[in-house]
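Structural overview for review
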Amino acid sequence: MDCLTKHQDTTPMLGAIFRIDRINMAPRAPLPRLWALLMRWQRRSASRAWLSELPPERLRDVGLTPHQAAVEAKKAFWE
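This is a predicted model, so every value here is computed, not measured. (Residues numbered from 1 in each chain as written. Predicted model: local features only at pLDDT ≥ 70, side-chain atom pairs only at ≥ 80, totals over all residues. Heavy atoms only, no water.)

Attention now goes to the confidence of the model for the protein. Looking at the protein, the pLDDT average stands at 78 and 65% of residues meet or exceed 70. This stretch, residues 11–15, has a pLDDT under 50; its non-local contacts, to residues over four places away or in other chains, come to eight contacts. (pLDDT = per-residue confidence, 0-100. Contact = heavy atoms within 4.5 Å.)

Written out as C-alpha cells, the structure reads:
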C-alpha cells in the first residue's frame, strides 16, 4: 500500500495528515499578533538588561566577551 492508503471511511490518509480548509488558510487575528510582538519586545528588553548585569565569568560561561555583551545590551528592543 502507498501513502494514499484509504481509511475505512474512504478518506485518503494524506488528507487526514495535512488538513487544508478555509479555517486553516484564514489570516491570523491582529490582536493576538500584536500581543505576541509586544511580549517578544519585552523579553528582548529584559534579557538584554539581564545580560548587561552579568559578571565577566558568567559571560564566559555563555560564550560571550564583555564587549559582545555590551554591544547586545545597547541594542533597542525592536532590533
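Taken as a whole and assessed by the stated rule, the structure comprises three salt bridges. Measuring nitrogen to oxygen at the nearest pair gives 3.0 Å for the salt bridge that ties arginine 48 to glutamate 72. Here the residue arginine 48 occupies a position in helix α3 (residues 30–53), and glutamate 72 occupies one in helix α5 (residues 66–74), the gap between them amounting to 24 residues. Taking relative accessible area as the criterion, arginine 48 reaches 9% and is therefore assigned buried. Of the charged contacts in the structure, one is a salt bridge between arginine 58 and aspartate 61, with a shortest N-O distance of 3.6 Å. Taken together, the positions of arginine 58 and aspartate 61, both in helix α4 (residues 56–61) and three residues apart, correspond to about one turn of that helix. Aspartate 61 gets classed as exposed once you look at its relative accessible area, which sits at 58%. The structure contains a network of salt bridges with shared partners spanning Arg48, Glu72 and Lys75. (Salt bridge = Lys/Arg side-chain N within 4 Å of Asp/Glu carboxyl O. Helix = DSSP H or I, 4+ residues; strand = E, 2+ residues; numbered from the N terminus. Buried < 20%, exposed > 50% of the residue type's maximum accessible area, 1.4 Å probe, protein only.)

Our next topic: the packing of aromatic side chains. On inspection of all chains with the given rule, the structure shows two aromatic pairs. Residues tryptophan 41 and phenylalanine 77 carry aromatic rings whose centres are separated by 5.1 Å and whose planes lie at 65° to one another, so their mutual orientation is edge-to-face. Residue tryptophan 41 is located in helix α3, and its partner phenylalanine 77 is located in the segment after α5; the two are separated by 36 residues in the primary sequence. For phenylalanine 77, a relative accessible area of 35% corresponds to the partly exposed category. Relative to tryptophan 78, the ring of phenylalanine 77 lies with its centre 4.8 Å away and its plane at 85°, an arrangement referred to as edge-to-face. (Phe/Tyr/Trp six-rings, centres within 6.5 Å; stacked < 30°, edge-to-face > 60°.)

Relative orientation of the contacting elements α3 and α5 amounts to 150°, with a least axis distance of 9 Å. By the angle between their axes, α3 is roughly antiparallel relative to α5. Note that α3 runs across α5; the crossing there is left-handed. Seen from α3, the contacting residues are Arg48, Leu51 and Ser52; seen from α5, they are Ala69, Glu72 and Ala73. (Axes fitted to C-alpha atoms, helices over the stretch in contact; angles between N-to-C directions. Parallel < 35°, antiparallel > 145°, perpendicular 65-115°, else oblique. Left-handed = near helix turned anticlockwise from the far one by under 90°.)

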